[in-house]
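Residue-level structural notes
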Amino acid sequence: MDYQTELDFLFLVLIALDAMIVMGSRKVSYYVLLLCFGIVVVSVCTFFAIGDDTAQPVRLVVNASNASTRQIPETLFGIFFEEINHAGAGGIWAELVSNRGFEAGGPNVPSNISPWSIIGNESTISVSTDRSSCFDRNKVALRMDVLCDSEGINVCPTGGVGIYNPGFWGMNIEQGKAYKVTLFVRSSGKIDVSISLTDSSGQKKLATSSIISSDVSNWTKMEVLLNASETNPNSRLQLTTSKQGVIWFDQVSAMPLETYKGHGFRNDLVQMMADLEPRFIRFPGGCFVEGEWLRNAFRWKETVGPWEQRPGHFGDVWMYWTDDGLGYFEFLQLAEDLGAAPVWVFNNGISHQDEVDTSAISPFVQEVLDSIEFARGDPNTTWGSIRASMGHPEPFDLKYVAIGNEDCGKKNYRGNYVKIYNAMKRAYPDIKIISNCDGSSRKLDHPADYYDFHIYTSANQMFSMAHRFDKTSRTGPKAFVSEYAVTGSDAGKGSLLAALAEAAFLIGLEKNSDIVEMASYAPLFVNTNDRRWNPDAIVFNSSHLYGTPSYWMQRFFVGSSGATLLDTTLDANSASSSLIASSIIWKNPEDEHNYLRIKIVNFGSNEVSLKISVNHLNAFSIQKSGSSQTVLTSRNLMDENSLNDPMKVIPIKIPLNTAGENMDVVLPSHSLTSLDLFMEFSSIRMPGSYQSSTSAI
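Quick summary incoming for the structure in this document. If you're wondering where the values come from, they're calculated on a predicted model, not measured in any experiment. Every residue gets a number counted from 1 within its own chain, in the order that chain's sequence is written. Thresholds applied to this predicted model are a pLDDT of at least 70 for local features of residues and 80 or more for the giving and counting of side-chain atom pairs; totals over whole chains, interfaces and linings are not thresholded and use all residues. With hydrogens and water set aside, each side-chain value is computed from the structure's full complement of heavy atoms.

Description of helix H8 (residues 413-427)
Every helix listed is a DSSP run of H or I at least four residues long, and every strand listed is a run of E at least two residues long, numbered separately from the N terminus. To estimate the expected span of a helix, subtract one from its residue number and multiply by 1.5 Å. An ideal rise of 1.5 Å per residue puts 21 Å on 15 residues; H8 measures up with 21 Å between its terminal C-alpha atoms. Only protein chains enter the accessibility calculation, which uses a 1.4 Å probe. A residue is then buried if its area is under 20% of the maximum for its type, exposed if over 50%, and partly exposed in between. Listing the buried residues of H8 in full gives Tyr413, Asn416, Tyr417, Ile420, Tyr421, Ala423 and Met424. Residue contacts are counted whenever heavy atoms from the two residues lie within 4.5 Å of one another. Buried residues belonging to H8 abut strand S18 (341-346), helix H6 (362-376), strand S19 (400-403) and strand S20 (432-435).

Structure follows, in structure tokens:
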């Protein structure tokens, strides 16, 4: 009941009471007066009860009969990684040095060496860049003229002079951990260089070692291992000397010895990805693939081979330099480490600002074919041999590719797409190809295995998008919802409101998973020091991280891929309009048991009483012991997590002692609830087996 209706009704009540008073003054019988008053009171109570959603239980029916079930695709929920917000460089890639090859200022000299800085002054040191490097694809090197000495007229200051690198807004150095520093050095004379990890001032050393050599007249690779004596999340690497002379440095790297599965990835960040149990990973973008201009697009061949030989490039969409230590090979390795299918997004001759005409697209077609050979070719093939030389002789399991990103409306997209599509299907007929064009509302005018669907919108609109694919044609290409998120004022930097709307959308995708086979949130990561986009699922700095409510929301869908979808219906009434629900049967790998999981979003501002009935379980029964209820909610709809309060909005899990085939549950307002009902085979029940539960595991 709205406010004005309440006022109108109360006005009528007052009139009725006034009438009773008048009747009383006319000596109407006491019983008549009492009867009139009772009628008014009952009417008021009834009227307000009708307007109160919480007083009307909603019935949810789960039909577990074999005839009504369907298996969800194994690939439904995955992740999308884009090099944005320093997600890779200064993020999941564990390299601590920023601009390790001094190339960030471009190939010409003098160059900008930022964030490298000088230790000393003009009387003791001169630092410049030249093109004397031994690497053909990245010729810029740093030249350091040391003007002071350990003795004589111009004595170097205590600690020496040199250069330092603060990494990506501070290096996180941890006590007891080891760090490998690799650099290439050249000098016409003897060198005595101290390599140290220090605090941000450079005064306190956390670890140090020296390289002393009498002959580095040619470029020489040096490695030292530093063991940290203290923890400091705002450390830096410095190279210093007190010996007069000229020294050249190039490709200076510092990496922790401990990385995710030993492959160079930051442990804590990748573990957050792994906890989502993604079935695929789409990479490396996004707009990062296109570039603002083609000259700055991601070119995979420049990102493979020895790391020190990679030229790096400027990502002109998100406006920062990447050394491309995180390259095509590393993305394939990450997918393998996560047990996720790689989805390779490549440039099709189109950027934001320029395009290659279809008549001249052949070199790009060959580039794509070579990329597949690199991933899947035998070690005796041209590009397969390069992969093998990088330590992975076995082919990667690459089965999905996307031709471009958000390029459908571009002039040459369809022409370029068809050329690439035909060439790939001839060479690799098993590969599934994804078109940038949306086929959800109209038939595509070109062949594809999947079409890409992106949605960034308000919370209310996202909630309504749960039904976006209800009426989509079930023939033709499948849908890949590769980018979705609530954005704008509803989202903030990651609100509960956004997460609930997105959860409703994903429940809708589950229910439409006969046509939608893949879905992923975007963007995945943001470094707090370079927030180019809001919101993001995982937020971090050099040493800390947290998941936004949208991250925790995705954890509710772990187990959905490959599970058995059950028919789930809600009664239609005023309370149910704010609800959306789905049910699956899945096998928990932790205990190897089957569970019936019911997920419900309550998008409304009132708590809802839910009466749940689970029918046709056949030979299975639901057990109270082992069943649980998990709820994601908060006091304020716009609540967010932060580095200072990373657990403000997280799921709370409790035992569900009322679990059964018929049960009552109260859904908090503005909440996502998951009921995990422990299923056990019961010989007492009617004979038979629940086929769908076994087909999902």
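Here the narrative resumes, following the displayed structure.
Observations concerning unusual backbone geometry
Residue Pro284 is bonded to the preceding Phe283 through a cis peptide linkage, with omega at -5°. Position of Pro284 among the secondary structure elements: in the loop between strand S15 (280-283) and helix H4 (287-290). Look at the link from Ala522 to Pro523: it is a cis peptide, with omega at -15°. Mapped onto the secondary structure, Pro523 falls in the loop between strand S23 (516-521) and strand S24 (525-527). Even without being a glycine, Glu406 presents a positive backbone phi close to 50°. You can see Glu406 is positioned in the loop between S19 and H8.

Considerations on the sheet that holds strand S9 (residues 178-187)
Across a sheet, strands are paired by hydrogen bonds formed along the backbone, either parallel or antiparallel in direction. DSSP calls a pair of strands paired once it identifies at least 2 bridges connecting them. Spatially, five strands are ordered S5-S6-S14-S9-S12 in an open sheet, and the strand pairing comes out antiparallel. Of all strands in the sheet, those with a lone pairing partner are strand S5 (125-130) and strand S12 (220-227), marking the two edges. Strand-to-strand twist in this sheet, taken as the mean axis angle between neighbours without regard to direction, amounts to 30°. Here strand S6 (residues 141-146) pairs with strand S14 (residues 245-256) via five bridges, running antiparallel. From the neighbouring strand, Leu142 faces S14, where its bridge partner is Phe249. Only the contacting stretch of a helix is used when fitting its axis, a line to C-alpha atoms as for every element, and angles between N-to-C directions run 0 to 180 degrees.

Some thoughts on the nonpolar core
Counting 118 residues, the largest nonpolar core has Ile92, Met273, Tyr328, Trp344, Met424, Phe525 and Val601 as its most contacted members. In terms of residue count, helix H10 (residues 496-511) provides more of this core than any other element does, twelve residues in total. Both domain 1 (58-73 + 564-681) and domain 2 (80-92 + 266-545) contribute no fewer than three residues apiece to this core. Nonpolar core, defined: a set of buried Ala, Val, Leu, Ile, Met, Phe, Trp, Tyr and Cys residues in which side-chain atoms within 4.5 Å join the residues together. The next biggest cluster of nonpolar side chains, apart from the first, holds 39 residues, and it includes Val146, Cys148, Met171 and Leu197. Domain boundaries shown here were taken from an automatic or database domain assignment.

Remarks on the state of the cysteines
Pairs of cysteine sulfur atoms within 2.5 Å are what we label disulfides. Taken as a whole and judged by the stated rule, the model has two disulfides. Bridging Cys408 to Cys437, the disulfide has an S-S length of 2.0 Å. For the disulfide bridge between Cys408 and Cys437, the dihedral angle about the S-S bond is near 100°, and by the sign convention the bridge is right-handed. One end of the pair, Cys408, is in the loop between S19 and H8; the other, Cys437, is in the loop between S20 and strand S21 (450-457), and 29 residues separate them in sequence. As far as the burial class goes, Cys408 and Cys437 line up, both buried. The connectivity of the disulfide bonds within the protein can be written as 1-2, 3-4, using the sequence rank of each bonded cysteine.

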